[in-house]
Amino acid sequence: MIFQRRDVYLWLLGGSAGSFNPIRRFIQQMPFQIHVAIVICMHRLRSLRMGMVEAMGETKGWVISEPDDKTIIQGGHIYIAPADYHLLVEPEGYFSLSVDEPVHFSRPSIDVLLEAVVAARWPRAGAALLSGANKDGAWGLYRMYQAGYFTAVQEPSDAEMPTMPQAALSLFEPHRRFTADRLVEVCLHALSL
Amino acid sequence: MFIDALPEIPDSELERFFQIMLTQYGIDFREYAPASLKRRLGTVLKRYGLASLNLLNQRLLSQPEYLDHFINEITVSTTELFRDPSAWVALRQQAFPLLAGLPQLRIWHVGVSTGEEVLSMAILLQESGLYAKAQLFATDIDRRALDQAQKAAYPLRLKGLYQQNLQAVFPGLSLAKYTREEEGKLIFHPSLLERVRFIHHNIVSESPFGEYELVLCRNLLIYFTPTLQDKVVTKLVDSLVPGGILMIGTKESLFWCSAAKRLVSLNEIERIYRKRL
């Protein structure tokens, strides 16, 4: 089975405690881009299977969903990692889910998602790490940075929970540090590169 | 090495791994979804303190007795009693009425792992008055998990979660009705397994060995490529009697499966399907 979907730019957002409102605001404000897929990995309660898509509110034309296993990645879509599954990107252009052990007590794990993008050698991608109370995502973002992808980290002083951004900044200096109100601008900058 | 780093898996070493597993042991991993397989292999290497997949390959070649242990590590054993309770409620409310009038109820659990799923089914059948005419077949590729499943004993720390899941399916029902506690274990009553047969079976390479009124295959298809999903789901649907029920994981999809046209949806959210009559 051959997929021709790898031309989509993957904009990846990871966050935990304190990231819901900045991510929600970003989703509502981000102008529609037909060649971009936004992939969100947020730590959440495992028992809440429904409601996250609705909680994100209105977007500027994006199609928003929690992908099923083997969903083809498409531009113009926002994908939210489903509760209690890891979300991975496969080289052939679709998502895979897994119920492997939690990473940093988290499933979905941001590290798992970001490392999968690197392993898939996805042609164009960028990632931003936001507020959170553990260090999931720091290593994955560093791996993206090493692989040459655009990376951005929320200023710890701007984050409701600085642990996650600080964990990333202890490993490397990303291309951008940002405050939550500038996230759309950071994404548009990444897309222009 | 940073503590979170997993060993890299070069494609050449992965090819060698595929070759060893296939030629030495007859197990075909080539159609497993690559991203999750690589991550899983990396996790196993890290756990064993092995720096590369080649070292694992050597061990698999030189120590055949190591295979069961490795299969136990590489397969994912995440399961729980009444995992996704709403799916079990839907099964009871929407599928059981279609099966209740049949003279027999043969049920196949594919990839049963450590057995919580088959215990959930046994309780569901008991509480629905259907257990006496049921025969349950629980299969897995992982012999160690099957051994554990037959013991029906789980760490006591899971009691709270299992009680919570059970009550979401049967409000007011106490787990104590079906379990006892002994030496830090939560032990399920042996009567629940009276009508269960545990069988070592690899759904990827082996044919189904019977006909069933109900087949459960939950969170196994996610580890396969679309091509392999198509093959496996065809086997599952072939093994169902007309009007039989198939239940897959709540985030699994039959999008890639040609056999889906032989099914109608009973509950799309909970992924419960019925084979056309």
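In short, a report on the structure. (Residues numbered from 1 in each chain as written. Chains lettered and ligands numbered in written order. Predicted model: local features only at pLDDT ≥ 70, side-chain atom pairs only at ≥ 80, totals over all residues.)

This brings us to the overall build of chain A. Within chain A, the regular secondary structure consists of six helices and nine strands. For chain A, the C-alpha radius of gyration of 15 Å lies close to 16 Å, the compact-globule estimate for 193 residues. The dimensions of chain A, computed from C-alpha atoms along their principal axes, are 45 × 40 × 35 Å. Across the 193 residues in chain A, those meeting the buried criterion constitute 54%. Nonlocal contacts in chain A, meaning residues at least 24 apart in sequence, comprise 72% of its contacts between residues at least 6 apart. (Helix = DSSP H or I, 4+ residues; strand = E, 2+ residues; numbered from the N terminus. Rg over C-alpha atoms; globule rule 2.2 N^0.38 Å. Buried ≥ 20, exposed ≤ 12 C-beta atoms within 10 Å, placed from the backbone. Contact = placed C-beta atoms within 7 Å.)

Turning next to the overall build of chain B. Summing up its helical and strand segments, chain B has nine helices and 10 strands in all. The C-alpha atoms of chain B give 20 Å as radius of gyration, which agrees with the globular expectation for 277 residues (19 Å, within 12%). Considered along the principal axes of its C-alpha atoms, chain B spans approximately 55 × 50 × 30 Å. Taking all 277 residues of chain B together, 44% fall into the buried category. The contacts in chain B between residues at least 6 apart in sequence include a share of 78% that link residues at least 24 apart.

To continue, consider the packing of helix α1 (residues 11-25) of chain B against helix α3 (residues 53-62) of chain B. Angle between the axes and distance between the axes: these two values describe a pair of packed helices. Residue and element names in this part refer to chain B. As a packed pair, α1 and α3 sit with axes 9 Å apart at the nearest point and diverge in direction by 15 degrees. By the angle class used here, α1 and α3 are roughly parallel. The interaxial crossing formed by α1 with α3 has left-handed handedness. Residues Glu13, Leu14, Arg16, Phe17, Ile20 and Gln24 of α1 form the contact with α3, whose participating residues are Leu53, Asn54, Asn57, Leu60 and Leu61. (Axes fitted to C-alpha atoms, helices over the stretch in contact; angles between N-to-C directions. Parallel < 35°, antiparallel > 145°, perpendicular 65-115°, else oblique. Left-handed = near helix turned anticlockwise from the far one by under 90°.)

Let's shift gears to the interface of chain B and chain A. Listed by partner, the interface residues are 23 residues for chain B and 21 residues for chain A. No other element matches helix α2 (residues 34-48) of chain B, which puts six residues into the side of chain B that touches chain A. Here the residues of the side of chain B that touches chain A are counted per class, giving 11 nonpolar, six polar and six charged. (Nonpolar A, V, L, I, M, F, W, Y, C, P; charged D, E, K, R; others polar.)

Quick look at the sheet that holds strand β3 (residues 153-155) of chain B now. All names here are of chain B. The strand order across the open sheet built from three strands is β3-β5-β4, with neighbouring strands paired in antiparallel fashion. Only two strands of the sheet have a single partner each, and these edge strands are β3 and β4 (179-182). Ignoring which end each strand starts from, the neighbouring axes of this sheet average 30 degrees apart. Inspection of the sheet shows β4 paired to strand β5 (residues 185-188) by four bridges, in the antiparallel sense. When the sheet's bridge partners are listed, Arg180 is paired in β5 with Ile187. (Pairing = 2+ DSSP bridges.)

Here we come to the nonpolar core. Inside soluble globular proteins, nonpolar side chains tend to come together where they are buried. If you look at the biggest cluster of nonpolar residues, it comprises 140 residues, and the most contacted ones within it are Leu12(A), Ile40(A), Leu113(A), Val117(A), Val215(B) and Leu246(B). Those residues in contact with Ile40(A) that sit more than four places away from it in its chain are Leu13(A), Ile23(A), Ile78(A), Tyr79(A), Ile80(A) and Ala81(A). (Core = buried A, V, L, I, M, F, W, Y, C linked by C-beta atoms within 7 Å.)

Residue and element names in this part refer to chain B. The interhelical angle for the contact between helix α5 (residues 85-99) and helix α6 (residues 116-128), taken along N-to-C directions, is 45 degrees, at an axis separation of 11 Å. Taken together, the axes of α5 and α6 are oblique relative to one another. Taken as a pair, α5 and α6 cross one another with a handedness that is right-handed. The residues of α6 that touch α5, namely those facing Trp88, Arg92 and Phe96, are Ser120, Leu124 and Ser128. Its residues placed into classes, the contact of α5 with α6 shows three nonpolar, two polar and one charged.

Residue and element names in this part refer to chain A. Pairing in this open sheet of seven strands is parallel, and the strands run β3-β4-β2-β1-β7-β8-β9 from one edge to the other. Because the sheet does not close on itself, it has two edges, and the strands there are β3 (63-65) and β9 (176-178). Taking the axes of each pair of neighbouring strands and ignoring which way they run, one obtains an average angle of 15 degrees across the sheet. Of the strand pairs in this sheet, strand β7 (residues 125-129) and strand β8 (residues 150-154) are connected by four bridges, and their pairing is parallel.

To continue, consider helix α3 (residues 110-119) of chain A. Counted residue by residue, α3(A) has nine buried out of 10 residues, so it is predominantly covered. All of the buried residues along α3(A) are Ile110(A), Asp111(A), Val112(A), Leu113(A), Leu114(A), Glu115(A), Ala116(A), Val117(A) and Ala119(A). Taken together, the buried residues of α3(A) touch β1 (9-15), β2 (36-42), β5 (86-89), β7 and α4 (138-146) of chain A together with α2 of chain B. Taken from the residues just after α3(A), Arg121(A) is the one with a positive phi, measuring 50 degrees.

Now for the pairing of β1(A). Residue and element names in this part refer to chain A. Judged by how many residues are buried, β1 sits mostly within the fold: six of seven residues are covered. Two strands pair when backbone bridges link them, and β1 and β2 are joined in this way by seven bridges, in the parallel orientation. From the neighbouring strand, Leu10 faces β2, where its bridge partner is Ala37. Crossover β1 to β2 through helix α1 (residues 20-29) is right-handed. Judged from the five bridges that link them, β1 and β7 form a sheet pairing that is parallel. Looking at β7, one finds that Leu12 is bridged to Ala127. (Right-handed = clockwise from strand over helix to strand, strands pointing away.)

Between its first and last C-alpha atoms α2(B) spans 21 Å; for 15 residues at 1.5 Å apiece the expected length is 21 Å, and the two agree. For α2(B), every residue scored as buried is listed here: Pro34(B), Ala35(B), Ser36(B), Leu37(B), Lys38(B), Arg39(B), Arg40(B), Leu41(B) and Leu45(B). Against the buried residues of α2(B) lie β5, β6 (95-98) and α3 of chain A together with α3 and α4 (67-74) of chain B. Once α2(B) ends, the next one or two residues include Gly49(B), with phi positive near 70 degrees. (Expected span 1.5 Å × (residues − 1).)

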